[in-house]
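# Descriptive analysis of the structure
The chain contents come next:
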Amino acid sequence: MLPLFYIFGAVAILAALGVILQETPVYSALSLIVVLCSLAVVYLLLGAEFLAVIQVIVYAGAIMVLFVLVIMLLNARRETTSDRSRMARWLGAPLLVAFFGQFAYAVWKHFSGWEAVHTPATGPQKIGEVLFRSYALPFELTSILILVAILGAVVLAKKEI
Amino acid sequence: MGTSSEPVVLTLIVLAKVVVVLVVLLTCIAYAVWLERKVVARIQSRWGPTLVGPFGLLQPLADGLKFLFKEEIRPREVDRFVYHLAPFVAFTMAFASIAVIPFGESITIAGHKIVFQITDLNVGLLFVLAVTSLGVYGIVLAGWSSNSKFPLFGGLRSSAQMISYEISLGLALVAVVLIAGSLSLREIVEQQRGLWNIFRQPLGFLLYFTAAIAETNRTPFDLPEAESELVGGFHTEYSSFKFAMFFMAEYANMVTVSCLATLMFFGGWLGPVFGPPALQALLPVVWFSLKIFCFLFVYIWIRGTLPRFRYDQLMSFGWKVLLPVALVNVLATSLVLAWRAS
C-alpha cells in the first residue's frame, strides 16, 4: 500500500505543478483532473471507497467538465506571458523557498508524533447517518447557500427573466 | 491445495477473469455492430451484410481488419498530445466499468469459489457512474483537439448533453438505491429475488433508459454526431484505428447501460434455475446475457424507429421534463418508504 501512496502522491504533486506551469488552459485543466483522480486513489488506499468515488464523480466528472466546456467555448489558446517585473524575478524564488521551509517546519513540528489512523472502512451508510443526524442543519444550510448562488448566477446571466 | 500457492492461484483466477470478461465484451461489441446493421437493414427493407460468411457473420472481423490496415491520417493543425490521448480516454473509460458488473452467482472449481464478477465494491454503482462521467472527456477532448469546427460543435454539444442527462440518470437510480438500501450491485440484485424492481419503479426505469440513451449519444439523442449537420461530429478528423476506438467505446457504453438496466430493474442474473450443479451455476449467466441482448435489441429498434431531436428540444426535454419527473419520483419513493417504515 505504501509504495502506491508514494506513486500517486508524486503524480498528484507533479500534476499540480502542471496546473500552474502549463501555458495552454486545456492542459492546465487536464492536469487538475489528474490531481483530483490521484487524490481519489489516495482516499481509496485509506479505505474510504465512498469518498474516493464521490471525489471522481463530483470534481473530475462534473465540475471539471464544466471548466473544460467553458475553456472550449471561450476558445482560449496559449496564455501570453506578461513581462515579469524585476522584483518578482529576484525575490520570487527565495520567498517561495522561505514559505515552503516554514510550512514544512510547521507540519513537521505539529504532526511529527502522529500516527496514521486506520479507521475501519466508512461506508455510505455511516457517512449518511453522520451527515443527516449530527450535521443535518449545516448540511441543509449549505444546500440553501448553493441554491442562492444558482439564483444569483441566473439573475446575472439573464437580462430579463 | 497448499497454502503457499494460494496467493498465486488467486491472482491467476483474477487475471483469467479479466481476460475472459474482456474477450467476451469485445466479441459482444463486434456482434452488436453486426446486429445493428442487420436489424436496421430489415427495418428499412434491406438485407444488411450478407457477403462475408454465412448471414454476414464474419463482417465484424473483416471490418476490424480493415480498420487496422487503413492509413492513419492526422490533420496538420491538431493539438497532437490531446488528439492522440482522446480516443484512449474514451476507450479505457468505456471498458473500465465492466470490472464491477456481476454476471452471475458463483461456481466452485477445484475447491476455489469463483464469483462471476471481477471485483465486488461496496460502492459498485457509484463506481460505474464515476467511470462513465469520465468517459465524456474522450469526446470533449477529441472535439477540441481536432482544431476544426464540426468536431468542436460535436464536442460542445456532447458535454452539455451528458451533463444535463447525467443528473436525471443519477436520480432515477437513486430511487432504486432507496428501495435496496445498498450501493453494491450484488446486493441490489439479491434484494430483487421476490419481485423485480421494474414492478416497483416502472417510472424510474423509463427515466433511466431515456437518460441512458442520451448519455450514450444514441438516436434520437445522437446530436454530437449528427451526420446530416456535423459531418460526423467529434470523430470527424479521426481515421483508422483511432476511429475504431471511438466506435467500440460507444458500443461498450451501450453494453454497460444494458448491464446496469438489467441489474437495477430486471433482477440481474435471477431466473429459473434447474438441473445438475454445473448447469445451475451457468444458467444465471445465460439469463443475464439474454436480458442484455434484449436491451441491445431495443436500443437498435429505437434507432431504427425514431427521428433525431432538435438541439433546443433535447435540452428543454432534459431539464424541463426529465429532471422534474425524476425528482418527483425520488420524493414519492422516499415518502412511501418512510410511510411503510413508520
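## Some points on a nonpolar patch on the surface
Residue and element names in this part refer to chain B. A surface patch of nonpolar side chains, about 700 Å² in accessible area, is lined by Tyr31, Leu51, Val52, Phe55, Leu57, Leu58 and Leu61. Relative to the elements of secondary structure, leucine 58 occurs in the loop between helix H1 (6-43) and helix H2 (59-69). The exposure class of leucine 58 is partly exposed, given its relative accessible area of 40%.

## A short note on unusual backbone geometry
Trans is the prevailing form of peptide bonds, just as negative phi is the prevailing case for residues other than glycine. Phi at serine 45 of chain B takes a positive value of approximately 55 degrees, unusual for a residue other than glycine. With respect to the helices and strands, the residue serine 45 of chain B is situated in the loop between H1 and H2.

## Things to note about the packing of aromatic side chains
All names here are of chain B. The tally for this structure, following the rule as stated, stands at 24 aromatic pairs over all chains. Here tyrosine 83 and tyrosine 238 contribute two aromatic rings whose centre-to-centre distance is 4.4 Å and whose plane-to-plane angle is 5 degrees, an arrangement assigned as stacked. Placement of the pair is tyrosine 83 in helix H3 (residues 80-96) and tyrosine 238 in the loop between helix H9 (227-230) and helix H10 (240-265), with a sequence separation of 155 residues. Tyrosine 238 carries the same exposure label as tyrosine 83, and that label is buried. Ring geometry for phenylalanine 91 against phenylalanine 95: centres 4.5 Å apart, planes inclined by 35 degrees, an arrangement best described as tilted. Here the residue phenylalanine 91 and the residue phenylalanine 95 both occupy positions in helix H3, the gap between them amounting to four residues, near one helical turn.

## Quick notes on the interface of chain A and chain B
Taken together, the contacts link 23 residues of chain A with 26 residues of chain B. Between chain A and chain B, a total of about 2,200 Å² is buried, with carbon and sulfur atoms accounting for 78% of that surface. Considering only the surface of chain A that becomes buried against chain B, Tyr27, Val65 and Met72 of chain A emerge as the three largest contributors, covering 26% of it. Our count for the contact surface shared by chain A and chain B stands at three residue pairs in polar contact (both at pLDDT 80 or more). Mapped by element, the contributors of at least two residues to the side of chain A that touches chain B are helix H2 (25-45) and helix H3 (49-74) of chain A. Top contributing element to the side of chain A that touches chain B by residue count: H3 of chain A, with 15 residues. Residues belonging to the side of chain A that touches chain B are distributed by class as follows: 19 nonpolar, two polar and two charged.

## Some words on the pairing of strand S2 (residues 112-115) of chain B
Along any regular strand the residues' side chains alternate between the sheet's two faces. Residue and element names in this part refer to chain B. Side chains of S2 alternate between two faces, with His112 and Ile114 buried and Lys113 and Val115 left unburied. When strand S1 (residues 106-109) meets S2, the two strands line up antiparallel, connected through four bridges. Its bridge partner lying in S2, isoleucine 109 is registered against histidine 112. Counting the residues that bridge the hairpin from S1 to S2 gives two residues, and of these alanine 110 lies at a positive phi of roughly 50 degrees.

## Focus: the environment of valine 321 of chain B
All names here are of chain B. By the element assignment, valine 321 lies in helix H12 (residues 311-341). Classification of valine 321 as partly exposed rests on a relative accessible area of 38%. Taking the C-alpha atoms as reference, valine 321 lies 9.8 Å from serine 168; in sequence the two are 153 residues apart.

## A word on the pattern of salt bridges
All names here are of chain B. On inspection of all chains with the given rule, the structure shows five salt bridges over all chains. For glutamate 72, the salt bridge is made with lysine 242, and the minimal N-O distance between the two is 2.9 Å. With glutamate 72 in the loop between H2 and H3 and lysine 242 in helix H10, the pair connects residues that are 170 residues apart, well separated along the chain. Here lysine 242 falls in the buried class, since its relative accessible area comes to 11%.

Criteria and cut-off values
Residues numbered from 1 in each chain as written. Chains lettered and ligands numbered in written order. Predicted model: local features only at pLDDT ≥ 70, side-chain atom pairs only at ≥ 80, totals over all residues. Heavy atoms only, no water. Patch = residues over 30% accessible without salt bridge, like charges linked within 9 Å, V, L, I, M, F, W, Y side chains within 5 Å. Areas by Shrake-Rupley, 256 points an atom, 1.4 Å probe, with all protein chains shown as cover. Salt bridge = Lys/Arg side-chain N within 4 Å of Asp/Glu carboxyl O. Helix = DSSP H or I, 4+ residues; strand = E, 2+ residues; numbered from the N terminus. Buried < 20%, exposed > 50% of the residue type's maximum accessible area, 1.4 Å probe, protein only. Phe/Tyr/Trp six-rings, centres within 6.5 Å; stacked < 30°, edge-to-face > 60°. Contact = heavy atoms within 4.5 Å. Buried area = accessible area lost by both parts, 1.4 Å probe. Polar contact = N/O pair within 3.5 Å; in protein donor to acceptor, adjacent residues only side chain to side chain. Nonpolar A, V, L, I, M, F, W, Y, C, P; charged D, E, K, R; others polar. Pairing = 2+ DSSP bridges.

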